[in-house]
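Close look at the chain arrangement
Listed here are the chains, written in short residue letters.
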Amino acid sequence: MAIFKEQVTLNDGQNIPKLGLGVWQATQEQASIAVREALQHGYQLIDTAAIYENEQGVGRGIQESGVKREDVFVTTKVWNDAHGGEATAIALEQSLERLKLDYVDLYLIHWPVPSTDKYVETWQNLISLKEKGLVRSIGVSNFHEAHLRRLLNETGVTPAINQIEIHPYFQQRPLRAVNQELNIRTQSWSPLAQNKAIEDEVIKTIALKHNKTTAQIIIRWHLQNDLILIPKTVTPTRIKENFDVFNFELDDEDLKRISLLDRGERLGPDPDLFG
Ligand code: NDP
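Structure report, in brief. Computed from a prediction, not measured in an experiment: that's the story for all the values here.

A separate point is the site of the ligand. Taken together, 29 residues sit near the ligand, with Asp47, Ser190, Thr233, Thr235 and Arg238 positioned nearest. Between an oxygen atom of the ligand and a side-chain N or O atom of Asp47, the distance comes to 2.7 Å. Considering the ligand on its own, with 910 Å² of exposed area, one finds that the protein chains cover 90% of that surface. Classifying every residue of the shell around the ligand by side-chain character gives 13 nonpolar, eleven polar and five charged.

Because each turn of an α-helix spans 3.6 residues, side chains separated by three or four positions in sequence point in the same direction. A large share of helix H8 (residues 214-224) lies buried, amounting to ten of its eleven residues. Along H8, the residues that are buried comprise Thr214, Ala215, Gln216, Ile217, Ile218, Ile219, Arg220, Trp221, His222 and Leu223. Asp226 sits one or two positions beyond H8 and adopts a positive phi of about 60 degrees.

Below, the discussion takes up the environment of Val58. Position of Val58 relative to the elements: it lies in helix H2 (residues 55-65). Counting along the chain gives 30 residues from Val58 to Gln28, while the straight-line C-alpha distance between them is 7.3 Å.

Okay, the packing of H2 against helix H3 (residues 87-99) next. Relative orientation of the contacting elements H2 and H3 amounts to 45 degrees, with a least axis distance of 7 Å. Judged by the inter-axis angle, H2 sits oblique to H3. Counted together, Glu55, Gln56, Val58 and Gly59 of H2 and Ser95, Arg98 and Leu99 of H3 form the full contact between these two elements. Residue composition of the contact of H2 with H3, grouped by class: two nonpolar, three polar and two charged.

Here the focus is the pattern of salt bridges. Applying the stated criterion to the full structure yields 19 salt bridges. The salt bridge partner of Lys18 is Glu6, with a shortest N-O separation of 3.9 Å. Note that Lys18 is positioned in the loop between strand S2 (15-17) and strand S3 (21-22) and Glu6 in the segment before strand S1 (7-9), a separation of twelve residues in sequence. Residue Lys18 is classed as partly exposed on the basis of its relative accessible area of 27%. Residue classification places Glu6 among the partly exposed positions, given a relative accessible area of 34%.

Our next topic: the sheet that holds strand S6 (residues 104-109). Ordered by their spatial adjacency, eight strands build an open sheet running S3-S4-S5-S6-S7-S8-S9-S10, and the pairing between neighbours is parallel. Each edge of the open sheet is held by one strand with a lone partner, namely S3 and strand S10 (228-229). As paired elements, strand S4 (residues 45-47) and strand S5 (residues 73-78) share three bridges and run parallel to each other. Looking across to S5, one finds that Leu45 is bridged to Phe73.

Tracing the backbone shows Ser32 in helix H1 (residues 28-41). Looking at Ser32, the relative accessible area reads 4%, which means it is buried. Those residues within four positions of Ser32 in sequence are excluded, and the remaining contacts are Gly57, Arg60 and Gly61.

Next up on the list: the nonpolar core. Residues Val104 and Tyr107 are the most contacted members of the largest nonpolar core, which totals 68 residues. Those residues in contact with Val104, other than ones at most four positions away along the chain, are Arg69, Val74, Thr76, Leu92, Leu96, Leu99, Leu134, Val135 and Arg136. In this structure, Leu10, Ile16, Leu108 and Ile161 belong to the second largest nonpolar core, which totals twelve residues.

Another aspect to go through is the environment of Leu227. Tracing the sequence through the fold places Leu227 in the loop between H8 and S10. With 101 residues separating them along the chain, Leu227 and Leu126 place their C-alpha atoms 23 Å apart. If sequence neighbours within four positions are ignored, Leu227 has contacts with Lys18, Ile166, Arg176, Thr186, Ser188 and His222.

About the thresholds
Residues numbered from 1 in each chain as written. Predicted model: local features only at pLDDT ≥ 70, side-chain atom pairs only at ≥ 80, totals over all residues. Heavy atoms only, no water. Near = heavy atom within 4 Å. Polar contact = N/O pair within 3.5 Å; in protein donor to acceptor, adjacent residues only side chain to side chain. Areas by Shrake-Rupley, 256 points an atom, 1.4 Å probe, with all protein chains shown as cover. Nonpolar A, V, L, I, M, F, W, Y, C, P; charged D, E, K, R; others polar. Buried < 20%, exposed > 50% of the residue type's maximum accessible area, 1.4 Å probe, protein only. Helix = DSSP H or I, 4+ residues; strand = E, 2+ residues; numbered from the N terminus. Axes fitted to C-alpha atoms, helices over the stretch in contact; angles between N-to-C directions. Parallel < 35°, antiparallel > 145°, perpendicular 65-115°, else oblique. Contact = heavy atoms within 4.5 Å. Salt bridge = Lys/Arg side-chain N within 4 Å of Asp/Glu carboxyl O. Pairing = 2+ DSSP bridges. Core = buried A, V, L, I, M, F, W, Y, C linked by side-chain atoms within 4.5 Å.

This is how it looks when you write it as structure tokens:
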């Protein structure tokens, strides 16, 4: 059982670090450098996906960091074109080959793609891959309540994680409550609102009060809301900045002010319609 520095325990008994590095839109080269820097700086969670086309870079970064395999938690995701049948197992095999790993810590269904209606079959595939030891934990991403309940009803196996879009402008309280009720941990993607929230005036005021940056305030907001998060940056100074968040706390008033920033502003596609 892996033990991490700042972690939570999932419903399957595995531990996951609370704060990691995302690498969407990083090139292979950028991903390899960012992952190496992050791991050497103390990060233990890396979030990639087959569709990001940087798994090789991530694998290189892990190797070059010199950090032991068991001290890194690696997430990757099965893309929409590999739902159902043999495709899912083949997709994982290819991801592992690119990552140069013999298992990933977490494998997610990237999107439910209701139009093809193969996410239950894909979930069965993930259950088998876990049984084979190729992945330690399995979960989903961008699943709504109806998708989650269907998985549970038809397979009896609860995802460990639902990774969804969450940031101060799109806080998703109802879906977070569903995740909590079902004992599924919520993980925030685009936690900084793809940097749109960095310039927010309310967050700037809170940042000034704590002598922290706005990114650090937003990251603390996620952590204090029991969210696991994976802010992306390929900038070495920001890699450090985003991790320097375990030495202060937002107070109730700060949290309340940020909770009032919610304006239902989705940056990504609607999961019911995408794919
Ligand atoms: P984020 O909210 O993490 O924002 C990333 C942007 O913010 C980049 O432009 C980055 O710039 C900038 N940034 C990062 N730190 C700072 C800082 N301290 N100060 C100022 N700017 C900063 O957006 P993402 O969309 O990348 O989401 C994070 C991760 O979530 C992704 O990388 C991916 O792993 C995952 N994700 C998952 C999805 C899913 O469907 N499951 C969908 C989207 C994302 P720079 O890199 O230039 O420093």
